[in-house]
Every structure is written in C-alpha cells, then in structure tokens.
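Spelled out from the first residue to the last, the chains are:
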Amino acid sequence: MKKLFAEFFGTFWLVFGGCGSALFAAGIPNLGIGFAGVALAFGLTVLTMAYAVGHISGGHFNPAVSFGLWAGGRFSGKELVPYILSQVVGGIAAAGVLYLIASGKEGFAIDPTKAGAFAANGFGTLSPEGYSLEAAFIAEFLLTFFFLIIILGATDRFANGKFAGVAIGLGLTLIHLISIPITNTSVNPARSTSQALFAGGEYIPQLWLFWAAPILGALLAGFAYKFLLQKNDE
C-alpha cells in the first residue's frame, strides 16, 4: 500500500504542478511563464517527487513508465494494474482540485472546442498548433520512447543513481519544450485522462491516442534497452 500511495501522491503532484502552471501561470500578460515555464514545471514535479517518494515505489507516476519498466525487466507484471489505477486516481484527484481552484475566479468556464482547454491533450483542431492525428501519434510515441530510454539508463545499476532524478526531470522538461505546440504534451496516459475528463467534448474520444502512443513507445524502449543497450556483465 505504501507503494500505491507513493504513486498516487507523485502523480497528483505531477498533474497539479504541471497542469496547474499551464492553467494559472502560463498566460498572464507580461508576467506569464509561457511554454518554457510550463515545461520546466512538469520537469520539476517529476524531479522533486523522484527524490521524495522514488525510493518507496520507484517513482513511475505514469502508466507508460510502468509498462516500459516492465518491458525492460525492472518491474513485476503483477503490479502493473494496481500502479496504473493509483496513478490515474491521483491524476483525477489533482484535476478535481485544479477545477475547484479555477472555479474560484469569476467568469471561469471550460470551452471543449478550444485547443488546450483545461490543459488537456489533443490533435487536429484540439492541437495547440493544429497538428494532425498522425503527427501527434509520432510525437507522443517517439518522445515517450526516449523518455523511457532516459529513465532506464539513468537508473541502471552501472549509472550514477544519485543524479537519476535530475536527468529524468530535465528529460521531461525537454520533451515538453518540443511537444507542447503539437499535442500540449502527454507522454503520460494518467495526466491525459485527468484533464480530458474535465475538459469533455472531443477530448474524450481523442484520449485513446494518449494511451496508445505513449504505452507503445514505452514498451519498445523497454525491450530495446533490455536487449540492445543494457550491460549485463560486471
């Protein structure tokens, strides 16, 4: 249960900190943090929670990461479902708190036809810059693939594990710097689910892509690292 609570709190912090920065701080005229600030916020959530609870649960905070670590031989398949449920529930709880806070401002409303509504992920007309389904799939697949390569490499027993959280956090920051204009950046099905449920509209039918592409990219990375990159001798 401690592992599951750690995953819940870690995913809650990721959604609350990352999506919260997009909702509350990104668009303020002259003072807003913009895309770069949101990218850094997501990276900081993972970096801080990696050191806070990573030693308890492994610090996945993302169903795609759990699948990738399983494929890489670092995680038990028996724990996949409990971990993923904890991550999704943590994300939804954070989105609920964000909604309560956002509702405290007069005139607040979610427009489900607007790209990036409630920090949700989308493609086509719901992409921040109008990128197609195919472009969104490629971006989410490839970026999750490299995110898992970073995670698997940084946490390898031959790597300097003390700095793993820094590498992973900065890796997620870079991922967001690349892909916020494309899909509003997912690489995390729990994060996408939490925001889509509150954004509603076409965000829900599009949610499949933000489960399929990250998980497929993570699985390929796990197998690739295990069989092509992992050092097995002393």
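Computed from a predicted structure; not experimentally measured.

A. Up close: the UniProt feature "transmembrane region" (unreviewed entry) in the protein. Here, UniProt's "transmembrane region" (unreviewed entry) annotation points to residues 35-53, 80-102, 135-154, 166-187 and 207-228. Split by type, residues 135-154 is 100% helix and 0% strand. Its first and last C-alpha atoms lie 28 Å apart.

B. Highlighting the nonpolar core. Of all hydrophobic cores here, the largest spans 53 residues; its most connected members are Phe147 and Tyr203. Of all elements in the fold, only α1 (2-24), α2 (34-57), α3 (63-71), α4 (80-102), α5 (133-154), α6 (164-183), α7 (189-199) and α8 (209-229) reach the threshold of two or more residues within this core. Looking at this core, the element that brings in the most residues is α5, giving 8 residues. Residues within four places of Phe147 in sequence aside, it is in contact with Asn62, Val65, Ile168, Leu172 and Ile175. Of all hydrophobic cores here, the second largest spans 5 residues; its members include Phe123, Ala136, Phe210 and Ala213.

C. Spatial organisation of the packing of α5 against α6. In contact at an axis separation of 9 Å, α5 and α6 are set at 175 degrees when each is read in the N-to-C sense. By the angle class used here, α5 and α6 are roughly antiparallel. The residues of α6 that touch α5, namely those facing Ala135, Ala136, Ala139, Glu140, Leu143, Phe147, Ile150, Ile151 and Ala154, are Ala164, Ala167, Ile168, Gly171, Leu172, Ile175, Ile178, Ser179, Ile182 and Thr183. Class assignment of the residues belonging to the contact of α5 with α6 gives a composition of 15 nonpolar, 3 polar and 1 charged.

D. Just α6, in detail. Here α6 is 20 residues long and its end C-alpha atoms lie 27 Å apart, about the 28 Å a rise of 1.5 Å per residue gives. Helix geometry: α6 is bent most strongly at Leu177, by close to 40 degrees, with proline Pro181 lying one to four residues after it. Buried residues dominate α6, accounting for 14 of its 20 residues. Taken from the residues just after α6, Asn184 is the one with a positive phi, measuring 70 degrees.

E. Layout of the pattern of salt bridges. For the structure shown, the criterion picks out 2 salt bridges. Of the charged contacts, one joins Glu79 and Lys3 as a salt bridge, the two residues approaching to 3.6 Å between their closest N and O atoms. Pair noted here: Glu79 is in the loop between α3 and α4 and Lys3 is in helix α1, with a separation of 76 residues, a long-range link.

F. Molecular detail of the side chain of Thr173. Mapped onto the elements of the fold, Thr173 is located in helix α6. With sequence-adjacent residues up to four places away left out, Thr173 is seen in contact with Ala39, Leu40 and Gly43.

G. Looking closely at the packing of aromatic side chains. This model, assessed by the stated rule, comprises 11 aromatic pairs. Here Tyr99 and Phe118 contribute two aromatic rings whose centre-to-centre distance is 6.2 Å and whose plane-to-plane angle is 65 degrees, an arrangement assigned as edge-to-face. Linking Tyr99 in helix α4 with Phe118 in the loop between α4 and α5, this pair joins segments that are 19 residues apart in sequence. Given a relative accessible area of 32%, Tyr99 falls into the partly exposed group. Both rings, one in Phe145 and one in Phe146, keep their centres 5.2 Å apart while their planes meet at 80 degrees; by these two values the pair is edge-to-face. Overall, the relative accessible area of 46% leaves Phe146 in the partly exposed class. Taken together, the ring pairs connect Phe5, Phe8, Phe9, Phe12 and Phe16 into an aromatic cluster. The ring of Phe158 carries Lys231 above its face, with NZ or CZ at 4.9 Å from the centroid.

H. Representation of α1 in the model. Given a rise of 1.5 Å per residue, 23 residues ought to cover 33 Å, and the 31 Å separating the end C-alpha atoms of α1 matches this to within 8%. Among all positions of α1, only Ala6, Glu7, Gly10, Thr11, Leu14, Val15, Gly17, Gly18, Cys19, Gly20 and Ser21 are buried. On its buried face, α1 is in contact with α2, α4 and α7.

I. Highlighting the environment of Phe223. Inspection of the secondary structure assignment puts Phe223 in helix α8. What makes Phe223 partly exposed here is its relative accessible area of 37%. Along the sequence, Phe223 and Ala36 sit 187 residues apart, while their C-alpha atoms lie 32 Å from each other. In contact with Phe223, not counting residues within four places along its chain, are Trp70, Ala71 and Leu228.

J. Quick peek at the side chain of Asp156. With respect to the helices, strands and loops of the structure, Asp156 is situated in the loop between α5 and α6. With near-sequence residues (within four places) excluded, Asp156 lies in contact with Arg74, Tyr225 and Gln230.

How each quantity is defined
- Residues numbered from 1 in each chain as written.
- Predicted model: local features only at pLDDT ≥ 70, side-chain atom pairs only at ≥ 80, totals over all residues.
- Heavy atoms only, no water.
- UniProt positions renumbered as here; feature names shortened; annotations may be inferred.
- Helix = DSSP H or I, 4+ residues; strand = E, 2+ residues; numbered from the N terminus.
- Core = buried A, V, L, I, M, F, W, Y, C linked by side-chain atoms within 4.5 Å.
- Buried < 20%, exposed > 50% of the residue type's maximum accessible area, 1.4 Å probe, protein only.
- Contact = heavy atoms within 4.5 Å.
- Axes fitted to C-alpha atoms, helices over the stretch in contact; angles between N-to-C directions.
- Parallel < 35°, antiparallel > 145°, perpendicular 65-115°, else oblique.
- Nonpolar A, V, L, I, M, F, W, Y, C, P; charged D, E, K, R; others polar.
- Expected span 1.5 Å × (residues − 1).
- Bend = angle between axes of the 7 residues up to and from the residue.
- Salt bridge = Lys/Arg side-chain N within 4 Å of Asp/Glu carboxyl O.
- Phe/Tyr/Trp six-rings, centres within 6.5 Å; stacked < 30°, edge-to-face > 60°.
- Lys NZ or Arg CZ within 6 Å of the ring centre and 35° of its normal.

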